[in-house]
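One letter stands for each residue in the lines below.
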Amino acid sequence: MSTKDVMKLYDEYVMQTYTRVPFVIAKAKGSIVEDAGGKKYLDFFPGWAVSGVGHCNDRVVKAICKQAQNLIHVSNNYYSELQGTLAKKIIEHSFPGKVFFANSGAEANEGACKLARKYGHEKDRFEIITMQNSFHGRTLAMIAATGQDKVKTGFKPLPRGFVHVPFGDINALTQAISEKTIAIMLELIQCEGGINIASRDYITKIRKICNEKDIVLIFDEVQTGMGRTGAMFCYQNYGVEPDVMTLAKSLGGGVPIGAIVANSKFQNVLTPGTHASTFGGGPLVSAAALGVFEAIEEGNLIINAVAQGEYLLKQLKVLKQKYSTLIKEIRAMALIIGVELGIEGDGIYKKCMEEGLLINCTQKNVLRIMPALTVTKKEIDKAIAILEKIFGAIL
Ligand SMILES: *Cc1c(COP(=O)(O)O)cnc(C)c1O
């Protein structure tokens, strides 16, 4: 089918909830995607960070194909080996506790908030503090949790009980805490928010406050999890453990999955009948996620993420020196990179696409560059050459 025909189908039958670029992805492998006409692109923002181990990673493909022939779905009133095995895997890589499986980031975050509410309800503590500029998903409760007005417009009244404070401001956070506060939920790196990286000092202080006041500390690692920051989970770079961590995006290597990981103190707060999901943690997605872990561990992808992240950052810094009027600041942790521009970034990311490089632009002027953990030096050189060409043409 041609790009035009596919777009016509969408025009007629798909709800227009996304700003889409006129571009049909027909197939993909690793960091390379191909459009309907067979033109190849370098994908440095694979699936909004979902394809962290690269598109159609061999281990993930193999795990899915094998599992699909054996058992695709089991309801959660029965047991299946793979859900248990995946939960064990996640716990072995994080902290002692237990896992609940959902199907998306929003659902995982909403479940984490339910967990916190349940923990606090006998003492009438229900308020959850989140950050300005955060992003936690699109369900009604999660747009209430998200600290950006644009996601809330038109949907009021929203669920009550969320309070927003400026990201990085420990005094504002302390002042917002009341006897009603039950949880603090935040991203260690605000990705949608423009690649804002929390400081170690800030996170350490939040942990201390949560300990003192018996507040549940929730890290939303939906975008930062699974090796991208140079550790399996971003909190490990901070030496600060959360009480609850949420995962989604790259956990399934492309299939829909979400997870709530609660430490031993909170692992039994949600009891039979209090939370559920029909699809959550089914054998097919669990097999895929185990394939992702295998790909990361056996492929030494975290080591590669650190090395290539360093190299990419170095090359971007060279560009920054050359085009200092265009590039204001670069913020990075391994393979999460934000290039803040002095101009609007929309045109640049569109030109990148024309030149065969897929990246993202968030908060109007931050280029978001998050290649797969399998990215190579050669691919980075190619991407940098494209960026250089575009910056050069603007000046
Ligand atoms: C993408 C994202 C979500 C929402 O995930 P969905 O799977 O789209 O519901 C929540 N939090 C963060 C940090 C995200 O990046």
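Keep in mind the model is a prediction, meaning the values are calculated, not measured.

Asks: Sorry, what's going on with the site of the ligand here?
Replies: As a structural note, the neighbourhood of the ligand is formed by Ser104, Gly105, Ala106, Asn109, Phe135, His136, Gly137, Glu187, Asp220, Val222, Gln223 and Lys249. In this structure, Phe135 approaches the ligand through a main-chain N or O atom, which is 3.1 Å from a nitrogen atom. For the ligand, the accessible surface in isolation is 380 Å², of which the surrounding protein chains cover 82%. Ranked by residue count, the leading element in the shell around the ligand is helix 4 (residues 105–120), at 3 residues. Its residues assigned to classes, the shell around the ligand comprises 3 nonpolar, 6 polar and 3 charged.

Asks: Help me understand unusual backbone geometry, please; the structure alone is not making it clear to me.
Replies: Across residues other than glycine, the phi torsion is negative in most instances, and most of the peptide bonds are trans. Looking along the chain, the bond that leaves Lys156 and enters Pro157 is cis, with omega of 5 degrees. Here Pro157 lies in the loop between helix 5 (140–145) and strand 6 (162–165). Phi angles above zero are rare outside glycine, and Ala49 is one such case at about 80 degrees. Structurally, the position occupied by Ala49 is in the loop between strand 3 (40–43) and helix 2 (58–70). Owing to a relative accessible area of 1%, Ala49 belongs among the buried residues under this scheme. For Cys56, which is not a glycine, the phi torsion comes out positive at approximately 45 degrees. Mapped onto the secondary structure, Cys56 falls in the loop between strand 3 and helix 2.

Asks: Where do I start with the nonpolar core in this structure?
Replies: Burial of nonpolar side chains together is a common tendency in soluble globular proteins. Among the nonpolar cores identified, the biggest contains 96 residues, and Phe44, Ile184, Ile203, Ile206, Leu316 and Phe391 are the most heavily contacted of them. Ranked by residues supplied to this core, first place goes to helix 8 (residues 283–298) with 9 residues. Taken together, domain 1 (26–56 + 300–394) and domain 2 (59–298) each give at least three residues to this core, which thus spans both. Not counting residues up to four positions away in its chain, the partners in contact with Ile184 are Ile129, Met131, Leu173, Ile177, Ile206, Cys210, Ile215, Val216, Leu217 and Ile218. Counting residues in hydrophobic clusters, the runner-up holds 26 residues, among them Ala106, Ala145, Ile182 and Ala183.

Asks: Can you walk me through the pairing of strand 12 (residues 258–263) in this structure?
Replies: On a regular strand, each side chain points to the face opposite its neighbour's, so the side chains alternate between the two faces of the sheet. With respect to burial, strand 12 is a largely interior element, 6 of its 6 residues being buried. Of the two faces of strand 12, the one holding Gly258, Ile260 and Ala262 and the one holding Ala259, Val261 and Asn263 are both buried throughout. Direction of pairing for strand 4 (residues 97–102) relative to strand 12: antiparallel, over a ladder of 6 bridges. From the neighbouring strand, Phe100 faces strand 12, where its bridge partner is Ile260. In this sheet, strand 12 lies alongside strand 11 (residues 244–247) in antiparallel orientation, the contact comprising 4 bridges. Looking at the pairing, Val244 lines up with Ala262 of strand 12.

Asks: What is the right way to look at the sheet that holds strand 1 (residues 25–29) in this model?
Replies: Remark on secondary structure: sheet strands pair via backbone hydrogen bonds, oriented parallel or antiparallel. Taken together, 4 strands build an open sheet; the order of strands is 1-2-3-15 and the sheet is mixed. Edge positions in the sheet fall to strand 1 and strand 15 (357–358), since each has one partner strand and no second. Examined bridge by bridge, strand 1 and strand 2 (residues 32–35) share 4 bridges and lie antiparallel to one another. Directly across from Lys27, in strand 2, lies its bridge partner Glu34.

What counts as what
Residues numbered from 1 in each chain as written. Predicted model: local features only at pLDDT ≥ 70, side-chain atom pairs only at ≥ 80, totals over all residues. Heavy atoms only, no water. Near = heavy atom within 4 Å. Polar contact = N/O pair within 3.5 Å; in protein donor to acceptor, adjacent residues only side chain to side chain. Areas by Shrake-Rupley, 256 points an atom, 1.4 Å probe, with all protein chains shown as cover. Helix = DSSP H or I, 4+ residues; strand = E, 2+ residues; numbered from the N terminus. Nonpolar A, V, L, I, M, F, W, Y, C, P; charged D, E, K, R; others polar. Buried < 20%, exposed > 50% of the residue type's maximum accessible area, 1.4 Å probe, protein only. Core = buried A, V, L, I, M, F, W, Y, C linked by side-chain atoms within 4.5 Å. Domains from an automatic or database assignment. Contact = heavy atoms within 4.5 Å. Pairing = 2+ DSSP bridges.

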